[in-house]
Amino acid sequence: MSEENNSNNDGLLIVSEDACKSVIDRASAFTAVENVFASMSRGDAYNFPVIREAIGYADALYGFKSGFDRAGKSLGLKSGGYWPGNEAKGLTNHQSTIFLFNPDNGKLRALVGGNYLTAVRTAAASAVSIAHLARKDSKVIGMIGAGHQSTFQLRAALEQRDFDKVVAWNNNKDRLKNLQAVAEEAGVAFESVEREELCKQADVIITITSAFEPLLMKEWIKPGTHIACMGTDTVGKQEVDAELLASATVFTDEIAQSISLGEAQHAIKSGAIKESDITTLGAAINGDHPGRSSDDEITLFDGTGVGLQDLAVASAAARLALEKGEAQQISL
Ligand code: NAD
């Protein structure tokens, strides 16, 4: 939120899930995430240590992601987690709320629904990686995974290049109809394929599963492919062969997360790559790294998901909801 808005109104803003959907579209999420990745790489923004605990009740995982972006003036946290029994109650399993604080005085400034924003900020991250790293002539996009996040990832990705086909794989084929519907809506062809065939056809691949073993092998990936690995956000999860990272130029949102709980954790552990082999996507955005250097290079984005992404989209949502009269205001 800008300083102007902070000084014009010092109350607490409540920004509902519906208000977030109304004011944050894919373009504004893209801009917020691109800017905060750039801020992180310049050292203007940093994430605080993540807390995530199994609370021993309702099988829930609960925690906090927090940080401060000096450039964007976003200070706060996302609180939430995963309640596996929610779906049976008609609720989303992932539940989160974002708390924004005024960095000038520490007062709670906004409570923002975090469920829709988590989906769009995650989709924006892979879209930003495609915008900066995929070959300009990319035509076929491959999707590995067809769960809740996948349609968000695909919609945002389709806007980054002149794609004419989606190829997709999921361990449960029934779910692929959701991705097929997105492809049809965008007017591009759709084909359900096996994983090796997907790698033969795709110029860009997004992985967005909860897998704990590699789904894509190094020898399947053709030169020039860009891969956005988005599902691995926890110790033990894995979506691609660790050896693939050794043959790719690896980018990430945050190096500390990439090597500890992101896709790179396995390649680091096996010694296939070193921490110094990983570059922040922000460096490519800022021009401090050239990004893709040839049409044959394999680029890989390890998108681990950071609290600053949440704060960036929530700050934009709070500012726009206030401007458009879609935020409720109360005094604490
Ligand atoms: P979801 O539960 O709706 O979907 C999970 C998907 O993974 C489904 O397509 C399912 O069929 C597939 N899957 C599950 N186990 C598998 C296995 N062993 N092998 C292959 N496929 C398997 O979840 P979602 O909300 O779509 O999230 C997908 C993943 O992305 C999760 O791991 C989640 O934690 C992660 N995520 C990451 C970020 C980030 O910022 N990087 C943000 C949100 C979610």
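Residues numbered from 1 in each chain as written. Predicted model: local features only at pLDDT ≥ 70, side-chain atom pairs only at ≥ 80, totals over all residues. Heavy atoms only, no water.

Caption draft 1: Summary view of the environment of Ser41. Structurally, Ser41 is set in helix α3 (residues 26-42). With residues up to four places along the chain from it excluded, the contact list for Ser41 reads Thr280, Gly282, Ala283 and Asn286. (Helix = DSSP H or I, 4+ residues; strand = E, 2+ residues; numbered from the N terminus. Contact = heavy atoms within 4.5 Å.)

Caption draft 2: Representation of the pairing of strand β5 (residues 74-82) within the structure. Two strands pair when backbone bridges link them, and strand β4 (residues 61-69) and β5 are joined in this way by nine bridges, in the antiparallel orientation. Residue pairing for β5: Gly63 is matched across the bridge by Gly80. Adjacent in sequence and paired antiparallel, β4 and β5 are bridged by four residues, among which Lys73 carries a positive phi angle near 55 degrees. Two strands pair when backbone bridges link them, and β5 and strand β6 (residues 94-101) are joined in this way by eight bridges, in the antiparallel orientation. (Pairing = 2+ DSSP bridges.)

Caption draft 3: The site of the ligand, seen in detail. Around the ligand lies a shell of 23 residues, among which Arg121, His148, Asn170, Asn171 and Lys237 are the nearest. In this structure, His148 approaches the ligand through a main-chain N or O atom, which is 2.8 Å from an oxygen atom. Between the ligand and the protein, one listed contact pairs a nitrogen atom with a backbone N or O atom of Gly303 at 2.9 Å. Protein coverage of the free-state accessible area of the ligand, which is 850 Å², stands at 82%. Of all the elements in the fold, those that place two or more residues in the shell around the ligand are α4 (115-133), α5 (148-158) and β12 (212-216). For the shell around the ligand, the per-class residue count stands at five nonpolar, 13 polar and five charged. (Near = heavy atom within 4 Å. Polar contact = N/O pair within 3.5 Å; in protein donor to acceptor, adjacent residues only side chain to side chain. Areas by Shrake-Rupley, 256 points an atom, 1.4 Å probe, with all protein chains shown as cover. Nonpolar A, V, L, I, M, F, W, Y, C, P; charged D, E, K, R; others polar.)

Caption draft 4: Structural view of the nonpolar core. Within the largest apolar cluster, 70 residues are counted, with the highest numbers of intra-cluster contacts made by Ile24, Phe37, Val112, Leu117 and Ile141. Apart from the residues within four sequence positions on either side, Leu117 is in contact with Cys20, Ile24, Ile98, Val112, Val313, Ala314 and Ala317. Core analysis: the next-biggest nonpolar cluster, separate from the first, contains 27 residues, Cys199, Ala202, Ile221 and Ala242 among them. (Core = buried A, V, L, I, M, F, W, Y, C linked by side-chain atoms within 4.5 Å. Buried < 20%, exposed > 50% of the residue type's maximum accessible area, 1.4 Å probe, protein only.)

Caption draft 5: Expanded view of the pattern of salt bridges. Within this structure, the stated rule accounts for 12 salt bridges. Arg121 is the partner of Asp310 in a salt bridge, and the nearest nitrogen-oxygen pair spans 2.9 Å. With a gap of 189 residues between them, Asp310 in helix α12 (residues 307-323) and Arg121 in helix α4 connect regions that are remote in the sequence. A single burial state applies to Asp310 and to Arg121, both of which are buried. Between Glu185 and Arg155 there is a salt bridge, with its nearest N and O atoms 3.0 Å apart. With Glu185 in helix α6 (residues 176-186) and Arg155 in helix α5, the pair connects residues that are 30 residues apart, well separated along the chain. (Salt bridge = Lys/Arg side-chain N within 4 Å of Asp/Glu carboxyl O.)

Caption draft 6: Local environment of the packing of α3 against α4. Where α3 meets α4, the axes come as close as 8 Å, and the angle between the chain directions of the two elements is 70 degrees. Between α3 and α4, the interaxial angle falls into the category roughly perpendicular. Here α3 runs over α4; the crossing is right-handed. For the pair α3 and α4, contact is made by Ala29, Phe30, Val33, Glu34 and Phe37 and by Val120, Arg121, Ala124, Ala125, Ala127, Val128, Ala131 and His132, respectively. Looking at the contact of α3 with α4 residue by residue, the class counts come to 10 nonpolar, one polar and two charged. (Axes fitted to C-alpha atoms, helices over the stretch in contact; angles between N-to-C directions. Parallel < 35°, antiparallel > 145°, perpendicular 65-115°, else oblique. Left-handed = near helix turned anticlockwise from the far one by under 90°.)

Caption draft 7: Representation of α3. The terminal C-alpha atoms of α3 lie 24 Å apart, and with 17 residues this matches the ideal 24 Å at 1.5 Å per residue to within 8%. Those residues of α3 that sit buried are Ala29, Phe30, Ala32, Val33, Glu34, Val36, Phe37, Ala38, Ser39 and Met40. Note on α3: the residue one or two positions beyond its end, Gly43, has a positive phi of about 85 degrees. (Expected span 1.5 Å × (residues − 1).)

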